Amino acid sequence: PAMIDFLIPVVFEVGETFKQIKFYPVNNNIIEANAELMFTISNWSEGLKQGSEFDLLLTVEEDDVINSEIHTIAELKAYFSTHEGSWYFPTDYFIEGVVTSTNNVPSSKFIYIQDETDGILLGFILNNLLSVGDEVQINLKNATGHEVNGQKAMLEVEDRLGSMLRENVVVQPVEITLDDLINGTYSGQLIKIKNVFFPQADGSRVWEGSHVLSVSGNNRQAIVTTYD
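Model, not experiment: these values are computed from the prediction.

**Q** Whenever I open this one, the overall build of the chain confuses me. Can you help?
**A** Counting its secondary structure elements, the chain contains two helices and 16 strands. For 228 residues, the compact-globule formula gives about 17 Å, and the C-alpha radius of gyration of the chain, at 27 Å, lies well above that figure. With the C-alpha coordinates aligned to their principal axes, the bounding extent of the chain is approximately 90 × 45 × 25 Å. Within the span of the chain, comprising 228 residues, buried residues form 29% of the whole. Summarising the internal contacts of the chain: among those between residues at least 6 apart in sequence, 54% fall at separations of at least 24. When the accessible surface of the chain is split by element, carbon and sulfur atoms take 50% of a total near 15,400 Å². Across the chain, the mean location of the 13 positive side-chain charges is 6 Å away from that of the 33 negative side-chain charges.

**Q** Help me understand a nonpolar patch on the surface, please; the structure alone is not making it clear to me.
**A** A contiguous nonpolar surface patch, about 660 Å² in accessible area, is contributed by V10, F12, I21, F23, I41, W44, L48 and L56. As for its placement among the helices and strands, L48 is situated in the loop between β1 (35–40) and β2 (55–60).

**Q** How should I be thinking about the side chain of K77 in this particular structure?
**A** Note that K77 resides in helix α1 (residues 73–78). On the basis of relative accessibility, which here comes to 11%, the residue K77 falls in the buried class. Beyond its immediate sequence surroundings of up to four residues, K77 is in contact with D118, G119, I120, K152 and S187.

**Q** Help me understand the sheet that holds strand β16 (residues 218–226), please; the structure alone is not making it clear to me.
**A** Taken together, the three strands give an open sheet; going across it, the order is β14-β15-β16, and neighbouring strands pair in antiparallel fashion. Two strands bound the open sheet, and with one partner strand each, they are β14 (196–197) and β16. Strand direction decides the pairing type here: β14 and strand β15 (residues 209–215), joined by two bridges, are antiparallel. Along β15, the bridge assignment pairs F197 with S214.

Calculation notes
Residues numbered from 1 in each chain as written. Predicted model: local features only at pLDDT ≥ 70, side-chain atom pairs only at ≥ 80, totals over all residues. Heavy atoms only, no water. Helix = DSSP H or I, 4+ residues; strand = E, 2+ residues; numbered from the N terminus. Rg over C-alpha atoms; globule rule 2.2 N^0.38 Å. Buried < 20%, exposed > 50% of the residue type's maximum accessible area, 1.4 Å probe, protein only. Contact = heavy atoms within 4.5 Å. Areas by Shrake-Rupley, 256 points an atom, 1.4 Å probe, with all protein chains shown as cover. Lys, Arg positive; Asp, Glu negative; His and termini not counted. Charge placed at Lys NZ, Arg CZ, Asp CG, Glu CD. Patch = residues over 30% accessible without salt bridge, like charges linked within 9 Å, V, L, I, M, F, W, Y side chains within 5 Å. Salt bridge = Lys/Arg side-chain N within 4 Å of Asp/Glu carboxyl O. Pairing = 2+ DSSP bridges.

Quick look at the structure:
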């Protein structure tokens, strides 16, 4: 029965001796504490016989378990140096991090995620369901390691929702130099470079596409590619 103003009305017909109420927990994929609900018989109509039990304590247990063996993204990326070509995880392999971008990626199947050690591009088997700021645990079982546009990425990720730890987490971009960018030190991470310019800008070119990026006083250049 539906709850109205925190009351659940239970109607007994003549001759009925008991009522059964079912509870249906919602699987929300968010790691939280157990929920305790107290139900109390507050009053009853004339003609009903009073029982001995008035209270029921119901505990809804959390089913989204924090996995004990969480691998850092730096550990994950180290696998690329020990495997040649495409490779995959045949068993559970959990990482944990914050989604830093769902835009400016090759398609709607991709996200960037990073932890305190590193960042990486993830590609799901279907369209992404996560949002920027979601801190999640993701199982990379059966996901394959590839290089996409020269950067390390895990593709065909089946765990599209993961287990939510927190939402709306703000990741501050680390400020780096153009040399850091070219060297790939912060590949997959949210970064910021100051005092850059586009030497091929002509007042009419649009931002979308690939363009040369440079810094005053530095002869080294990088290519910035944006997606629609």
